[in-house]
Amino acid sequence: DTAVSQTPKYLVTQMGNDKSIKCEQNLGHDTMYWYKQDSKKFLKIMFSYNNKELIINETVPNRFSPKSPDKAHLNLHINSLELGDSAVYFCASSHLGVENEQFFGPGTRLTVL
Amino acid sequence: QKEVEQNSGPLSVPEGAIASLNCTYSDRGSQSFFWYRQYSGKSPELIMFIYSNGDKEDGRFTAQLNKASQYVSLLIRDSQPSDSATYLCAGGTPSGGGADGLTFGKGTHLIIQP
């Protein structure tokens, strides 16, 4: 299927652990994103990335780091997880440019205990 | 600080009526605007996008943009129970490189009453 996929769908872990969420898109897009949706359903950009530029939202702690092995993948690595990191994380992709539709993955629900 | 404001609702509309969803944005540099629909537990899916002042129609949906007032709206005609969802308004502001995320509002929860 043509889509944006994420793994895992659910992730439950202890405070202080390090975890990664993987994202892959087969839409031929050159730009990928990570969004965080908190318990109040507020969707907020964390990172925007293409092969030339990484834009980091200044409010994102440096415990979060995106890693892109190639144009089709943008993984999210989180160090020293905290309770406040519990949220749904969405990966998205688009062609370069804010005028283009962003396609969202199914989301990863992260619960930090 | 880029902000997009929406009334969180819930907005309750009878089936068959017109649902009107509104959004304002703070960044005058925003150039593109999107309406996403999100069902509970699902990912956002695009309903409409608009770049120019005025109206844009697609089936039962009409998006309206007024850049002078920094206002975006979505009208849903002949509302159906399947339209019940949270509607997210988003604005895109180019930074120059183009790899920009969207700024989302907190969403309006729409309920269509059968």
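Heads up: these notes are all about the structure in this document. (Residues numbered from 1 in each chain as written. Chains lettered and ligands numbered in written order. Predicted model: local features only at pLDDT ≥ 70, side-chain atom pairs only at ≥ 80, totals over all residues. Heavy atoms only, no water.)

1. A look at the sheet that holds strand β3 (residues 19-25) of chain A
All names here are of chain A. Ordered by their spatial adjacency, four strands build an open sheet running β1-β3-β8-β7, and the pairing between neighbours is antiparallel. The open sheet has two edge strands with one neighbour each: β1 (4-7) and β7 (64-70). On average, each strand axis in the sheet is tilted by 20° relative to the strand beside it, whichever way the strands run. Taken together, the four bridges between β1 and β3 define a ladder with antiparallel strand orientation. Its bridge partner being in β3, Gln6 is matched across the sheet by Cys23. (Pairing = 2+ DSSP bridges. Helix = DSSP H or I, 4+ residues; strand = E, 2+ residues; numbered from the N terminus. Axes fitted to C-alpha atoms, helices over the stretch in contact; angles between N-to-C directions.)

2. A look at the interface of chain B and chain A
At the interface, 23 residues of chain B touch 23 residues of chain A. If you look at where chain B meets chain A, you find zero salt bridges. Summed over the shared surface of chain B and chain A, the number is four residue pairs in polar contact (both at pLDDT 80 or more). Taken together, the elements giving at least two residues each to the side of chain B that touches chain A come down to β4 (32-38) and β9 (85-92) of chain B. For the side of chain B that touches chain A, the element with the most residues is β4 of chain B, which contributes four residues. (Contact = heavy atoms within 4.5 Å. Salt bridge = Lys/Arg side-chain N within 4 Å of Asp/Glu carboxyl O. Polar contact = N/O pair within 3.5 Å; in protein donor to acceptor, adjacent residues only side chain to side chain.)

3. Some words on the environment of Phe34 of chain B
Looking at the secondary structure, you find Phe34 of chain B in strand β4. Residue classification places Phe34 of chain B among the buried positions, given a relative accessible area of 0%. Each C-alpha atom of the pair Phe34 of chain B and Asp83 of chain B lies 17 Å from the other, and the pair is 49 residues apart in sequence. Here Phe34 of chain B is in contact with Val98, Glu99, Asn100 and Glu101 of chain A together with Leu46, Met48, Phe49, Leu88, Cys89, Ala90 and Leu102 of chain B, once residues within four sequence places are set aside. (Buried < 20%, exposed > 50% of the residue type's maximum accessible area, 1.4 Å probe, protein only.)

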